[in-house]
There are 2 protein chains.
Amino acid sequence: MRKPAADGLYIVGKPFVVAIAILVSSAAGANDDLMSAARRLFKPIPSMVPAVKDNPITHEKITLGKSLFFDPRLSASEVISCNTCHNVGMGGVDAGPTSIGHRWQQGTRRAPTVFNAVFNVAQFWDGRAADLKAQAAGPIQAGVEMNATPDRVLSTLNSMTEYVVMFSKAFPNDAAPVTFANFAKAIEAFEATLITPAAPFDQYLEGDGYALSDHQKAGLKLFIEKGCSSCHNGINVGGQDYFPFGVIERPAANLLPRDDRGRFALTKNLSDEYVFRSAPLRNVALRSPYFHSGQVWSLKQAVGVMSEVQLGIKLSDKETDEIVAFLNSLTGQFPKIDYPILPTRTNVTPRPSLDK
Amino acid sequence: MRKPAADGLYIVGKPFVVAIAILVSSAAGANDDLMSAARRLFKPIPSMVPAVKDNPITHEKITLGKSLFFDPRLSASEVISCNTCHNVGMGGVDAGPTSIGHRWQQGTRRAPTVFNAVFNVAQFWDGRAADLKAQAAGPIQAGVEMNATPDRVLSTLNSMTEYVVMFSKAFPNDAAPVTFANFAKAIEAFEATLITPAAPFDQYLEGDGYALSDHQKAGLKLFIEKGCSSCHNGINVGGQDYFPFGVIERPAANLLPRDDRGRFALTKNLSDEYVFRSAPLRNVALRSPYFHSGQVWSLKQAVGVMSEVQLGIKLSDKETDEIVAFLNSLTGQFPKIDYPILPTRTNVTPRPSLDK
């Protein structure tokens, strides 16, 4: 995958504006040029499951990963599964604003979507997990989320023969396949299947000029020209690099809580204060509320906030509507997911632990 | 559906014991006789969705009901769906012992399974809901469970055009189809599809003498002769009538909490003290922990408790194992359920309410 330049607007935007001027007499030509510009900035979601690093995807691994993803018994309370916060029926997120976890504790950042997450440069809002297998090890142990331990998870999995057999099939070369690392790899394998190809925008990138309405094309043009695509580009229309939230103007305190300084917590570099991975915008129309605090419930309002704090511009109502129309073209086809029949607990399965 | 007699043991058991004595010299005959006795007491789960009263089941109603069943946004917190406590991947129940609901409150009775619930005489442990549509209106409003109100539910549903369209299709003759009664009917329609035919025991009842192992047949024989089938008979091997919990001996306080007096709360008849609907035993091996307090985690232990407090007998270890083997033959085939893609929330969808 190409590494998109952080200053993509400058590189791509300028020649594009020139080209538009030259071709202004030909609507078809302008349309072709818009498509060319889009193709330089973005890539379609493939229709096949992508390869992931150090984790060959097999049917057996996907099947195991799906069961793990849906199994609430992996949390301490046995109430919360991955799907609780990354609901595959709701665009891969929960209702927000931020997730409810163990003992009704509330998280501080909005659940990121699991769909197309495999295409992100790294995982979590601050990119602190290099990939999905690293990510999968996080929430299950977080006290505010699933509150389990690797030991508890392994006890639970080993207590059910069906799981042990599934691990053997998924990791046939491992002498002792039931490990926390393999647990995470299986979840990564399932999550790699959670891709949503064939959005109108994908069809457009594949060369179908009719896949977007004129309204949506106008939005795409604005999205590029106004600078949105400087941070939101690549296959996920975002998620490919890190940028400060509030480039031009400090966002309101409810959008950017003082105690969440983004990647600074990770790198301790002052230049990383308030820096986050740009939000991947695939299926964004399904994933209200927006921003990491989940305090903005309308996509139109979110576009307005971004144009002001990131670009220092005030979009007209018409322009905002056009960009929203374009963002709606990013909604893809969701995979069919059969709800898994989970292994049956046994007498030695750890019991739910509802308290601290 | 025939109404099984509450005193089925007397009616059916006596001639059966006589018959066994006559046919004792012929193993095949004894086997035939066991099958005949079983057929008089039990009925197989059909492979087709049953009709339900006052609610013609259509594909459109099932589709709508499935979305409603999986939609956490119908709870006040927007965290809890029907599936949270009636998990279709875990035999239609949660991990127990009793369910966690709004604000991490814990219910007092174990979640009953949603699978084959359509065949029960009535719903809830105390049968206070006549059918599944009456049941569906309960937990969504219970403060300790989903904590919503009919008004909130209707606001949520009306806020999403996709839901409004689904209601129109499911209730094409209604001028204003989005009602709380129709919400409950759609859930009932989906739940009527949650049946698990083709268990080994069903195949046995259909005439396949090889569907049960000898061990399981011995268990079935004990189940009838010892008296279990007096309360657990009919299509669901239970769930067909009401009986006192603790006929012979008062169960331990953790199994029968003093403040849960069963149907007495409903009827105010002293004769209904500690009376509950007999537990339906279909798929019981998948649904630990047992009893309404969910305090017994092993099926073998549950069988032991029941024989003592209900029948006043002490089963041998071998007998208990045989009955457990028979109960394992009640595990059927689960329907394939595609996870629904839920309608997208809009600006007017009620927001999550996490507090009281």
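Residues numbered from 1 in each chain as written. Chains lettered and ligands numbered in written order. Predicted model: local features only at pLDDT ≥ 70, side-chain atom pairs only at ≥ 80, totals over all residues. Heavy atoms only, no water.

So, about the packing of helix 3 (residues 59-70) of chain B against helix 7 (residues 161-170) of chain B. Residues and elements named next belong to chain B. Orientation of helix 3 relative to helix 7, taken along the N-to-C sense of each, is 145°, at an axis distance of 8 Å. As helix 3 packs across helix 7, the resulting crossing turns out to be left-handed. Across the interface between the two elements, E60, K61, T63, L64, S67 and L68 of helix 3 pack against Y163, M166, F167, K169 and A170 of helix 7. The residue makeup of the contact of helix 3 with helix 7, split by class, is six nonpolar, two polar and three charged. (Axes fitted to C-alpha atoms, helices over the stretch in contact; angles between N-to-C directions. Helix = DSSP H or I, 4+ residues; strand = E, 2+ residues; numbered from the N terminus. Left-handed = near helix turned anticlockwise from the far one by under 90°. Contact = heavy atoms within 4.5 Å. Nonpolar A, V, L, I, M, F, W, Y, C, P; charged D, E, K, R; others polar.)

A separate point is the domain arrangement of chain A. Residue and element names in this part refer to chain A. One can read the domain layout of chain A as domain 1 (59-193) and domain 2 (198-329). The interface is formed by 23 residues belonging to domain 1 together with 26 residues belonging to domain 2. Between domain 1 and domain 2, the buried area comes to about 1,900 Å², and carbon and sulfur atoms account for 54% of it. Counting across the interface, domain 1 meets domain 2 through one salt bridge. Across the pair R109 and D260 runs a salt bridge, and its minimum N-O distance is 2.8 Å. (Domains from an automatic or database assignment. Buried area = accessible area lost by both parts, 1.4 Å probe. Salt bridge = Lys/Arg side-chain N within 4 Å of Asp/Glu carboxyl O.)

Looking now at the packing of helix 10 (residues 214-225) of chain A against helix 14 (residues 317-328) of chain A. In helix packing, the relevant descriptors are the interaxial angle and the interaxial distance, both defined with respect to the helix axes. Residues and elements named next belong to chain A. With their axes 7 Å apart at the nearest point, helix 10 and helix 14 run at an angle of 100° to one another. With respect to each other, helix 10 and helix 14 are oriented roughly perpendicular. Contact residues: helix 10 offers H215, Q216, A218, G219, L220, L222 and F223, while helix 14 offers E319, D321, E322, I323, A325, F326, L327 and N328. Broken down by class, the residue content of the contact of helix 10 with helix 14 amounts to eight nonpolar, four polar and three charged. (Parallel < 35°, antiparallel > 145°, perpendicular 65-115°, else oblique.)

Residues and elements named next belong to chain A. Under the feature "binding site: heme c 1" (unreviewed entry), the UniProt entry names C82, C85, H86 and H102. With respect to the helices, strands and loops of the structure, C82 is situated in helix 4 (residues 82-85). If we skip the residues at most four places from it in the chain, C82 touches L68, F69, M146 and I187. With respect to the helices, strands and loops of the structure, H86 is situated in the loop between helix 4 and helix 5 (132-136). Judged by relative accessible area, H86 falls into the buried class, the value being 15%. (UniProt positions renumbered as here; feature names shortened; annotations may be inferred. Buried < 20%, exposed > 50% of the residue type's maximum accessible area, 1.4 Å probe, protein only.)

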